[in-house]
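# Close look at the chain arrangement
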Amino acid sequence: MNSSENREKTPGQKIIDDYRPPSSRQKAIKSLRIPIQIGKVIVIVLAILVWHFIYKWNVINKAFIASPKQTLDWFGANWDNGEVWRDLKVTLREALLGWIIGSTGGLLTGLLMARFKLLWDVTSPVFTFLNAAPRTAFAPILILIFGLAETSKVVLAASIVFFIVMVPTRAAAGMVDPDLETVMTTMGGRERDRFFKVILPSVLTSVFGAIRLGSVWALLGATFAELFGAKYGLGLRYIAATNVLNMPEAFGVIFIIALLAITINGVIGLLERRLMRWQATSTKGSVMVV
Amino acid sequence: MAEVAVALSDVTLIFSDANGDPVLAVDDVSLEVPQGQFLAIVGPSGCGKTTILNMLSGLINSTLGTVVKNGEVVTGPSMDVGYMLARSALFPWRSARRNVEMPMEIRGVGKAERRRRADELLDMVKLGDFKTKFPSQLSQGMRQRVAIARTLAIEPKLWLLDEPFSALDAQTRITVQNEFLRLWENTGSTVILVTHDLSEAVLLADRVIVMTARPGKIKLDQVIDIPRPRRVDDLLDNEHFMQLEARIWKELRDELV
């Protein structure tokens, strides 16, 4: 037994050989980064130019669109407009609340449905119907029920996010690596350990993308509901502007909403990269899916 | 002979297949394993090797007969068993260190103590420089070492190994096998290894059992009297090893056709 110390060396050496440095292809991709950034700027400039000439050459009736310059001027005149900021805050609050409620509800329901298969078998027709129903079309009804204020928008946003998260959660909970469950069970893990240390982390991993997607849909849902009637909000500002053909303001609001969506998506993307840094190759680039 | 670690008496297991038809997986197997023995079970696929491990780990119950571990009838999973699979089954979202901490977490070991012990175990499997790496950043061999460290953290009296070296390439396999032997040989714990690789069984074990094709029965029970400590790569051209392997191979061959 005392010879065991002598033979520790050789096997140890071999481990280092297993380490793989980044391939030359990965390096090549890295060195492309700056030209790609320049390419992006060029495409954005081109897009603005196209927009400019569509307006200038009257491709679309000038009464119905705003030019890049008019839109920019609107931003210049309104960047410190308290009413615009208030509308932004209201819409953002509706979207965030709807997103949080919808995601949490979708996650919990999905887990529950995966755990109790019978429950899913019994309730699935109703869920399938609700999922298939055009939920945005419920907006006017929701406003009748919950009023003009923010609640109706939160409900619509949450109902959209709910299904975006619930459906993949249920699927992911059924596809947890059985080896991990076996290991957890043989280690003496209780039901609680199985849930918090195996099922929940693997499900969250699979549905993080859906939760991120849900944030953009929550903003869409909130804004859309506001079109049908609201006290404040970007959707209301937008529809009011188009009603009086104030196109620079309409375009300005559209830009605000888009920038908001990109920001939310980006923040969650950063969070995702932080939480998912254990994943080897990234399928987690900043893909916008709306 | 030493105290009995594991005893199967007249164990039969019948399960139903996809069509609901009964399948006789294990047919009246009796077996005693003394504490500290390294037993290898070889046999063709479907001979019920893994089923025996699952019964020992308490994942499934035998249809007939009793499974006794450390003097007590097995009724469910217990914390003194270390189970290793062909795939490392590491938690991909946890670093090597936090994977090794897992069994201690389940037992409620304090955070500082957990970390200290995990680091110690990772040093023992020579992954001291890879503690904060995630499984996706490690090679197959390294992952299986982390799995060994994690199983060591259980401080098992009984190791159940379900082909844990079979997914590794030839060189890595020898390294990891040596590593396992080095760590196990002084522990006094019992090992039951299931494998379809006969040389692996003879190289590592004190005793090899050959099972028949389904329904699984014990066909041959052979003591491997190669002295310990062993080093797998030193044994490969050992004459005694080759004789033993050839003798068992003759028995196994009949089961493969």
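Residues numbered from 1 in each chain as written. Chains lettered and ligands numbered in written order. Predicted model: local features only at pLDDT ≥ 70, side-chain atom pairs only at ≥ 80, totals over all residues.

### A word on the overall build of chain A
When helices and strands are counted, chain A shows twelve helices and zero strands. For chain A, the sequential pattern of α-helices and β-strands runs α-α-α-α-α-α-α-α-α-α-α-α. Here chain A holds 290 residues, and the buried ones make up 31% of them. A fraction of 74% describes how many contacts in chain A between residues 6 or more apart in sequence connect residues 24 or more apart. (Helix = DSSP H or I, 4+ residues; strand = E, 2+ residues; numbered from the N terminus. Buried ≥ 20, exposed ≤ 12 C-beta atoms within 10 Å, placed from the backbone. Contact = placed C-beta atoms within 7 Å.)

### Let's talk about the domain arrangement of chain B
Residue and element names in this part refer to chain B. Domain boundaries in chain B define domain 1 (4–80 + 158–256) and domain 2 (87–155). The distance between the C-alpha centroids of domain 1 and domain 2 comes to 25 Å. Counting residues at the interface gives eleven residues for domain 1 and twelve residues for domain 2. Its residues assigned to classes, the side of domain 1 that touches domain 2 comprises eight nonpolar, two polar and one charged. (Domains from an automatic or database assignment. Nonpolar A, V, L, I, M, F, W, Y, C, P; charged D, E, K, R; others polar.)

### Things to note about the interface of chain B and chain A
The extent of an interface is frequently quoted as the accessible surface area lost upon association of the parts. Taken together, the 32 residues of chain B in the interface contact 24 residues of chain A. Broken down by secondary-structure element, the contributors of at least two residues to the side of chain B that touches chain A are β6 (81–84), α2 (96–107), α4 (140–153) and α5 (170–184) of chain B. Here the element with the most residues in the side of chain B that touches chain A is α5 of chain B; it accounts for four residues. In terms of residue class, the side of chain B that touches chain A is made up of 17 nonpolar, nine polar and six charged.

### So, the pairing of strand β9 (residues 207–211) of chain B
Residue and element names in this part refer to chain B. Taken across its five residues, β9 has four buried, putting it largely inside the fold. As paired elements, β9 and strand β10 (residues 218–223) share five bridges and run antiparallel to each other. Bridge assignment links V208 to a residue of β10, and that residue is Q222. Where β9 folds back on β10, the antiparallel hairpin that results is connected by six residues. (Pairing = 2+ DSSP bridges.)

### Some words on the sheet that holds β6 of chain B
Residue and element names in this part refer to chain B. The six strands lie next to each other as β6-β7-β8-β3-β9-β10, forming an open sheet whose pairing is mixed. Both edges of this open sheet fall to β6 and β10, since each of them pairs with a single strand only. Pairwise comparison of adjacent strand axes, ignoring direction, gives a mean angle of 15 degrees for this sheet. (Axes fitted to C-alpha atoms, helices over the stretch in contact; angles between N-to-C directions.)

### Quick look at helix α1 (residues 49–57) of chain B
Residues and elements named next belong to chain B. For α1, a buried count of eight out of nine residues is recorded, marking the element as mostly surrounded by other parts of the structure. Of all the positions in α1, only K49, T51, I52, L53, N54, M55, L56 and S57 are classed as buried. Of the residues trailing α1, G58 is marked for its positive phi of about 85 degrees.

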